[in-house]
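Inside the fold
One letter stands for each residue in the lines below.
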Amino acid sequence: MSLYSYLRSGAERVFRPAAIGDEMDEELAVHLALRADDLERSGLPRAEAERRARIEFGARERYREECKDAKGGTSLVTVFHDLRFGLRMIRSHGWFSPAVIVTLALGIGLNTMVFTLINAALFKPVPLPGGARLVAVASRTPGNGDDLLSYPDLVDYRAQAHSFAALEAASIEQGVLGEPGNPPQVYHLARTTTGVFSMVQMHPVMGRDFLSSDSSSGAASVVMIGYDLWQNRYAASSAVIGRHVRVNGHPATIIGVMPKGFKFPTAIDLWMPLVPTPDDLRRDNRELQVFGLLKPGVQPSAAQAELAGIAQRLATEYPDSDKNFAALAMSFNERYNGGGIKTVFLLMLGSVGFVLLIACANVANMMLSRGIMRQREMSIRAALGASRWRVMRQLLMESVLLSVMGGALGLALAAAGVRWFDLATADVGRPYWVQFTMDYTVFGYFAALCILTGLLFGTLPAWRASRPNLNQVLQEGGRGVGYHRDGKLAGVLVVFQFALTLVLLTGAGVFVHSLLKTLDSNREVPSRQLMVAGLKLPEDRYKDIAARVRFYDQLLPRLRALPGVTSAALASNPPGLGSAENPAEIENQPASDPAHRPVVSYVTASPGYFETIHLPLLLGRDFSASDGDRNHRAAIVTRETAQRFWPGQQALGKRFCLFDDKGNRGDWITVVGVVANLEQDLTEQNPKPLLFVPIQQEDWDGTSLVVASDANPTAEVRGAVQSLDEDLPLHDVYILNQAVEHQTWYLRLFSRLFMGFALIALVMAAVGIYAVLAQAAGRRTQEIGIRIALGASLRSIMLLVMRRGIRQIAIGLALGMAAAFPVARLMASLPIGVSPTDPEVFIAVATLLVLVGLVACWLPARRAAGLDPVRAIRYE
Amino acid sequence: MGDQAQILPGTLDVLILKAVSLGALHGYGILLRIAQISGSSLLIEQGALYPALFRLVRQGLLKASWGTSENNRRAKFYELTAAGRKRLHSEIEGWNRLAKAMAAALSARQEEI
């Protein structure tokens, strides 16, 4: 029989069962009538003839059923029947179904959400033409991670590698775009090789592409602008093509506008051709991010092998610069979303996996306890000859139906969650091509998840329920049978839930603990009244530190004179926003081995900085204008640093020196003051000893303004800066507390996420233990009534009900702790900025869990203790 | 009834096909026809006919339509389809071969070996 006729017959039987039955009955009736006619003709009375005809026909019902089967479409029909019956059961179970559906919606929704995020951040190719063939090429040195390549490297790889259809590079820096009559602004600038746009088959929506001649030395300087920049800075004017602007002070001409949303390779607004300078041509000057488009059919591993071979040849040819350098071809996701981000995402996946397991355990528990109530139904069905498989299939169908309904709700939750995550991370420098949207992969995962979930929580209860002990159940009216057995299973599931919840709570606790620690730091700093902004003085206009200090000396009085401003100062990094780190040597305490020199973190500061940030000066004096020159190298250390390096001694007047990045020893520096402690690196697990040096002591080309004011002085500060140099933009402009928030965004984000996961798990576990105890107490209503009637005390009744729950909580707690310690240790060891866990986190988490668990046990116990014995004994 | 034989499993289908091949019949008519052509020597329980009929329709060997019987009752008439006719021929050939082989085997005598 063809599939079509099978389906048609099945569909007919599904949708018009009555019509089929009628036609068949009519045919059989005609048969009986015809036979009776014959018998009547042979002389029997009509009534007798009809009776004989029915006898001769045989077991009419059986043949009817056989006819139905013979007509085909049966398995489709039973599936449909199971489905309809399942729906009817789901509708008819009051609170049960909504509880299951909400539980599953949370479990499935969270998993779908996290999978969407992971898929986007770790697996999806870059959404550009040929994106699946796009790879990032990086150099790798032992112990140093993935890094950049030099221009001569690129030239060699281009000449020797045959796996690539194109190899292009970009060097990313800050670009200040300025022109007369338009205030300068800082953008992300990529200096790229000229083929980068055609490699990804993207072309300007207006104007022209880069030409290879644009990169030859002496060519007129040109710049390509991004769509958003065009919209915001130039109001989408078409006259922008050919406009003369300054980029970092150099004249250039805008030649085109890239399409909307294009910010290749990461978050770029401005592109200029890379014109290699003599400095760029040094082999050890590695500043390029390199991207390759694999030729069709070439596997990344083959390209990788080829690059490795070339890197080896280069290492032999140029041992001075290329020794120990390997080259890697990897996906964009590996290159830009590896390391810490990957770990956090996998942690998230693990967490929501736990939540789903808890949800399944919970639902399985509900199904189990309902299975006991339905034992009579199952027994009757089994006694009527339903096979075990048929009963199980029916029950599994119900489970999968429930999980699909939960999934539909979960999908809405997931969509909302993904949207929220997308907005929460819009501003934290994630590559523009990581787009958190749902796609077919996600839906496939989602569908599989729904069905698997249904099977996961449905199989065990269905297996149990489909094997009732027929005689016992039917004789005893289904009361109490299987209670002990299923009670044990439910207990195991509750223990398992509590253990998992504890692990999740610990994970969340670690994040929240780290977050609270950062929020609690630097309380004395009035971060809501401090405006901070970055300032970068370009080298071509401010040749040396003296020129820069002259600028600062002009600027600071103007800032202090602004209305509402109470004080203003300069620091390389405002409080909590990082520092520079270098090894140091304390006078008279030389390290035995250069590798063991203590590393200090240091910040440059202008006079008046400590006053501005309200950091008390404990000893000595603030910096003065004469500090910092060759003969007056000075430093102010924190109290902690002073105690660390000169324990029990007066730190004032002590000397130390710093080593630069190449290991050269600097001048001796004298400690002139001691300030209170400050936490400068909020995300650092092991902060280094902190000290401050005068701003003129380090030859750095930028600084941050720190301005204390009652109102937000941003506009006035910008005006003051640009009254001195109209090409000088402010960057990273914040009120300090916002800057700190921005700095610790991921702690906030993941604290919220993991807290959410853990709380959902906690609620589920609480509901789970409540449901199990309430069920158990409900089944013992008569017994409890008798006990009360016989004079049992309130306490002993409560204990009777709660005892089991308390034991389960205790076991769950023990198992959970055993798992939570390694998890916390693992998290602290990962490079994700969480601090090592204190015992208080475990104590807090365990207390919370026990309290919630006890309340969940207490509720059914109280109800049992309040039973009216007369009604309880009659309870059926 | 002693001279009636229970039909072999699987033979009902071919008997139905044969009966119908001689002209469209309703269910009861098919039973009568089988009784007639087999000389009333094959016993079929009347109800068992119908599952077989439904099965043959499903397999596309028979087609059914409603009509009026000789004594003016509305009844469902069955007739062979082309596929049914083909099937009947192959079944007949198979039966004849089997019957011949069985007959030869069962009539074998000592001296022929």
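What counts as what
Residues numbered from 1 in each chain as written. Chains lettered and ligands numbered in written order. Predicted model: local features only at pLDDT ≥ 70, side-chain atom pairs only at ≥ 80, totals over all residues. Helix = DSSP H or I, 4+ residues; strand = E, 2+ residues; numbered from the N terminus. Contact = placed C-beta atoms within 7 Å. Buried ≥ 20, exposed ≤ 12 C-beta atoms within 10 Å, placed from the backbone. Arc of directions from axis to C-beta. pLDDT = per-residue confidence, 0-100. Axes fitted to C-alpha atoms, helices over the stretch in contact; angles between N-to-C directions. Parallel < 35°, antiparallel > 145°, perpendicular 65-115°, else oblique. Left-handed = near helix turned anticlockwise from the far one by under 90°. Nonpolar A, V, L, I, M, F, W, Y, C, P; charged D, E, K, R; others polar. Pairing = 2+ DSSP bridges. Expected span 1.5 Å × (residues − 1). Core = buried A, V, L, I, M, F, W, Y, C linked by C-beta atoms within 7 Å.

1. Describing the overall build of chain B
- Summing up its helical and strand segments, chain B has 4 helices and 5 strands in all.
- A fraction of 52% describes how many contacts in chain B between residues 6 or more apart in sequence connect residues 24 or more apart.

2. Remarks on the overall build of chain A
- Of regular secondary structure, chain A possesses 28 helices and 23 strands.
- Partitioning the intrachain contacts of chain A with sequence separation of at least 6 by distance along the chain shows that 82% fall at a separation of at least 24.

3. A short note on helix α22 (residues 714-724) of chain A
All names here are of chain A.
- Taken as a whole, α22 has its buried residues at E716, V717, A720 and V721. All buried residues of α22 project into a common sector of 135 degrees when viewed along the axis, lining one side. Pointing more than 90 degrees away from the buried face of α22 are the exposed residues A715 and S723.
- Buried residues belonging to α22 abut β13 (530-536), α19 (545-560), β22 (702-709) and β23 (730-735).

4. Examining the interface of chain A and chain B
- Counting residues at the interface gives 20 residues for chain A and 19 residues for chain B.
- Those elements that provide at least two residues to the side of chain A that touches chain B are α2 (17-41), α3 (46-57) and α4 (60-71) of chain A.

5. Quick look at the confidence of the model for chain A
- Within chain A, residue pLDDT values average 83, and 91% of them lie at 70 or more.
- Segment residues 477-484 of chain A is flagged for pLDDT under 50; beyond a separation of four residues in sequence, or across chains, it makes 13 contacts in the model.

6. Describing the packing of helix α24 (residues 745-779) of chain A against helix α26 (residues 794-829) of chain A
Residue and element names in this part refer to chain A.
- Running from N to C, α24 and α26 point in directions that differ by 150 degrees, and their axes come no closer than 9 Å. One way to sum up the angle between α24 and α26 is to call them roughly antiparallel. Seen along the crossing, α24 lies across α26 with a hand that is right-handed. Of α26, the residues touching α24 (which contributes I769, L773, A776 and A777) are V801, R804, G805 and Q808.
- Of the residues in the contact of α24 with α26, the class split is 5 nonpolar, 2 polar and 1 charged.

7. What to know about the pairing of strand β19 (residues 655-659) of chain A
All names here are of chain A.
- Judged by which residues are buried, β19 turns out to be one-sided: F656 and L658 face inward and are buried, whereas R655, C657 and F659, on the alternate face, are not.
- Bridging between strand β15 (residues 580-586) and β19 involves 3 bridges; their strand directions are antiparallel. Across the sheet, A584 pairs through a bridge with L658, a residue of β19.
- Connecting the antiparallel pair β19 and strand β20 (residues 665-675) is a turn made up of 5 residues, with G663 showing a positive phi of about 90 degrees.

8. Here's the deal with unusual backbone geometry
All names here are of chain A.
- Cis geometry is found at the peptide bond from F264 to P265, where omega equals 0 degrees.
- On the secondary structure map, P265 appears in the loop between β9 (250-257) and β10 (270-273).
- Non-glycine residue A236 carries a positive phi angle of around 60 degrees.
- For A236, the location among the structural elements is in the loop between α9 (227-234) and β8 (244-247).
- The residue H614 is not glycine, and still its phi comes out positive at about 60 degrees.
- Mapped onto the fold, H614 is located in the loop between α20 (609-612) and β17 (617-620).
- A count of 17 C-beta atoms within 10 Å places H614 in the partly exposed class.

9. Quick notes on the confidence of the model for chain B
- Model confidence for chain B is summarised by a mean pLDDT of 83, while 89% of its residues fall at 70 or above.
- Here strand β1 (residues 5-6) of chain B stands out as the least confident element of chain B, with mean pLDDT 60; helix α4 (residues 82-106) of chain B is the most confident, with 89.

10. As for the sheet that holds strand β2 (residues 25-26) of chain B
Residues and elements named next belong to chain B.
- Pairing in this open sheet of 3 strands is antiparallel, and the strands run β2-β5-β4 from one edge to the other. A single partner strand is all that each edge strand has here, and the edge strands are β2 and β4 (62-68).
- Where β4 meets strand β5 (residues 74-80), 7 bridges bridge the pair, whose relative direction is antiparallel. Across the sheet, residue W66 finds its bridge partner in β5, namely K76.

11. Topic: helix α10 (residues 300-317) of chain A
Residue and element names in this part refer to chain A.
- Spanning 18 residues, α10 covers 25 Å between terminal C-alpha atoms, matching the ideal 26 Å at 1.5 Å per step.
- Along α10, the residues that are buried comprise A303, L307, A311 and L314. Along α10, the residues classed as buried sweep out an arc of 75 degrees about the axis, all on the same side. With respect to the buried face of α10, the exposed residues turned more than 90 degrees away are S301, A305, R313 and T316.

12. Some words on the packing of helix α1 (residues 11-21) of chain B against helix α3 (residues 49-58) of chain B
Residue and element names in this part refer to chain B.
- It is the contact of α1 with α3, at a shortest axis distance of 10 Å, that shows an interaxial angle of 75 degrees. Here α1 lies roughly perpendicular to α3, going by the angle between them. On α3, the residues touching L12, D13 and I16 of α1 are A52, L53 and L56.
- Here the residues of the contact of α1 with α3 sort into 5 nonpolar, no polar and 1 charged.

13. Thoughts on the environment of L229(A)
All names here are of chain A.
- The residue L229 is located in helix α9 in this model.
- As a C-alpha pair, L229 and D269 span 40 residues in sequence and 6.5 Å in three-dimensional space.
- What L229 contacts, discounting residues up to four positions off in sequence, is Y187, D269 and L270.

14. Examining the nonpolar core
Residues and elements named next belong to chain A.
- Ranked by internal contacts, the top residues of the largest apolar core, which has 164 residues, are V137, V223, L270, V355, F757 and A761.
- It is α24 that contributes the most residues to this core, 19 residues altogether.
- Discounting residues that sit within four places of it in the chain, V223 has contacts with V245, V247, A252, I254, I255, L270 and M272.
- Listed in part, the 59 residues of the second largest apolar core include A605, V671, V707 and A708.

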